[in-house]
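# Examination of the molecular architecture
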Amino acid sequence: MSAISTTIGNDTSAESHELQRTRLSLYYLVGYTLPVGVALMFVPQMTMNLLLTNHAYDDLGLRMFGVLLFSLGIIASGMIVNKASRVYTVTLFVRGFIIAALFVLYSQYGDPALLAINLVVTVGWALTFLSWRKDKAEERG
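This section reports on the structure supplied with the text. (Residues numbered from 1 in each chain as written. Predicted model: local features only at pLDDT ≥ 70, side-chain atom pairs only at ≥ 80, totals over all residues. Heavy atoms only, no water.)

### Considering the pattern of salt bridges
Applying the stated criterion to the full structure yields four salt bridges. As a salt-bridge pair, arginine 21 and aspartate 135 come within 3.1 Å of each other at their nearest N and O atoms. You can see arginine 21 sitting in helix H2 (residues 20-42) and its partner aspartate 135 sitting in helix H6 (residues 112-140), a full 114 residues away along the chain. Given a relative accessible area of 30%, arginine 21 falls into the partly exposed group. A residue is classified by how much of its surface remains accessible, and aspartate 135, at 7% relative accessible area, is buried. (Salt bridge = Lys/Arg side-chain N within 4 Å of Asp/Glu carboxyl O. Helix = DSSP H or I, 4+ residues; strand = E, 2+ residues; numbered from the N terminus. Buried < 20%, exposed > 50% of the residue type's maximum accessible area, 1.4 Å probe, protein only.)

Structure representation (C-alpha cells):
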C-alpha cells in the first residue's frame, strides 16, 4: 500500500510533467490546421487566392493537402486533449522542418503564398518554443 501512495504522490506523475503553456500554444496550431484544411478541401482556389498566390495549383493536389492538414489538426487536438506533453517537443521539430522547406520552396518558385504560410507556421513555432522554454525552466525550479 505504501508503494501505491508513494507513486501517486511523487513527481513522476503525468500531471507534474504537464507543460501547461506549451499545451496552450498548441491551440494556435489547431486553430489554423483545421479551418485551413477544410478550406483547402472545399474551396481550394479561393483559399490560395486569400494566401496571395501567384501560381495556378491543381485542385486535386490542394484538396489532398487539405486532407493532410486537417488530419494534422486532429492529431494536434488529440495531443491537447490527452495532455501528451512528452510529444509536444516533436511539434517543434516538425514545424522547424516545415519552415525550412517552405523557405526552400519559396526560393525556387517565388510564390508569396509560401511566405504567408511560413509566417503562420513560424509564429506558432515561436509561441510553442517560448512556452516550452518557460515551462521547462519552471519544471527545473
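### A short note on the layout of surface pockets
Computed from the structure, the largest pocket encloses a volume of approximately 880 Å³. In terms of lining, the largest pocket is formed by 38 residues, of which the most central are Phe65, Leu69, Ile98, Ile117 and Val121. Those elements that provide at least two residues to the lining of the largest pocket are H2, helix H3 (44-50), helix H4 (59-81), helix H5 (88-109) and H6. When residues of the lining of the largest pocket are assigned to their parent elements, the largest contribution, 10 residues, is made by H4. Considered class by class, the residues forming the lining of the largest pocket number 29 nonpolar, six polar and three charged. (1 Å grid on protein atoms, 1.4 Å probe; cavity = no way out; pocket = protein on both sides within 12 Å on 5 of 7 lines; lining within 4 Å. Points joined across faces, edges and corners; volume = space filled by probe spheres on them. Nonpolar A, V, L, I, M, F, W, Y, C, P; charged D, E, K, R; others polar.)

Just geometry here; none of it tells us what the structure is for.
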